[in-house]
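Per-entry structural report
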Amino acid sequence: MPRSHRSPLLLAGLLASAGVAHFAAPRTFDAIVPRSLPGSPRTWTYASGAVELALAAGVALPATRGRAALATAAFFVGVFPANVKMAVDWRHRPAPLKAAAVGRLPLQVPLVLWARNVARNTRKTEGTP
């Protein structure tokens, strides 16, 4: 299978794994929900996990791939504040943990670009602009 055909499936797998993790270990995600959001952090954890699972399904299915990939790019931008909160909260943790938290910040850029590329490649395959 060519790399361009695997890319959406790998992105869907990443999203599905993250979505499942939100339900399997919610406490980890509750801690990085920005306090400025209304309601319970657990509600946001479950909601974002459900969104990731829905996006995974959308990216995996050719019929919805383009729109779901664009929504995924927007989602990756939208969760950036949680990653910033994690980096700030973990600034006094041991160096490896602090490095992991800070390392998540620039990682959002290639994730956004990956999702955009999946959308762009889907449009090319479909022959739409």
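Everything below is about the structure shown above.
The structure reproduced in this document is the subject of the present report. Note that the structure is predicted; figures quoted are calculated from it, not measured. (Residues numbered from 1 in each chain as written. Predicted model: local features only at pLDDT ≥ 70, side-chain atom pairs only at ≥ 80, totals over all residues. Heavy atoms only, no water.)

**Describing a nonpolar patch on the surface**
- A cluster of nonpolar side chains, namely Val-20, Phe-23, Tyr-46 and Leu-53, defines an oily patch on the protein surface of about 330 Å² accessible area.
- When residues of the nonpolar patch are traced back to their parent elements, those giving at least two are helix H1 (3-24) and helix H3 (41-60). (Patch = residues over 30% accessible without salt bridge, like charges linked within 9 Å, V, L, I, M, F, W, Y side chains within 5 Å. Areas by Shrake-Rupley, 256 points an atom, 1.4 Å probe, with all protein chains shown as cover. Salt bridge = Lys/Arg side-chain N within 4 Å of Asp/Glu carboxyl O. Helix = DSSP H or I, 4+ residues; strand = E, 2+ residues; numbered from the N terminus.)

**Considerations on helix H4 (residues 65-78)**
- The end-to-end C-alpha distance of H4, which contains 14 residues, comes to 19 Å, matching closely the 20 Å that a straight helix rising 1.5 Å per residue would cover.
- Where H4 is concerned, the buried positions are Arg-65, Gly-66, Ala-68, Ala-69, Thr-72, Ala-73, Phe-75 and Phe-76. (Expected span 1.5 Å × (residues − 1). Buried < 20%, exposed > 50% of the residue type's maximum accessible area, 1.4 Å probe, protein only.)

**A word on the pattern of salt bridges**
- Summed over the entire model, instances satisfying the criterion amount to two salt bridges.
- Among the salt bridges present, the one from Asp-30 reaches Arg-42, with a minimum N-O distance of 2.6 Å. Taken together, the positions of Asp-30 in helix H2 (residues 26-30) and Arg-42 in helix H3 put the pair twelve residues apart, joining distant regions of the chain.
- Here Asp-30 falls in the buried class, since its relative accessible area comes to 14%.

**Concerning the packing of H3 against H4**
- Taken N-terminus to C-terminus, the directions of H3 and H4 make an angle of 145 degrees; their axes are 7 Å apart at the nearest point. As H3 packs across H4, the resulting crossing turns out to be left-handed. Contact residues: H3 offers Ser-48, Val-51, Glu-52, Leu-55, Gly-58, Val-59 and Ala-60, while H4 offers Arg-65, Ala-68, Ala-69, Ala-71, Thr-72 and Phe-75. (Axes fitted to C-alpha atoms, helices over the stretch in contact; angles between N-to-C directions. Left-handed = near helix turned anticlockwise from the far one by under 90°. Contact = heavy atoms within 4.5 Å.)

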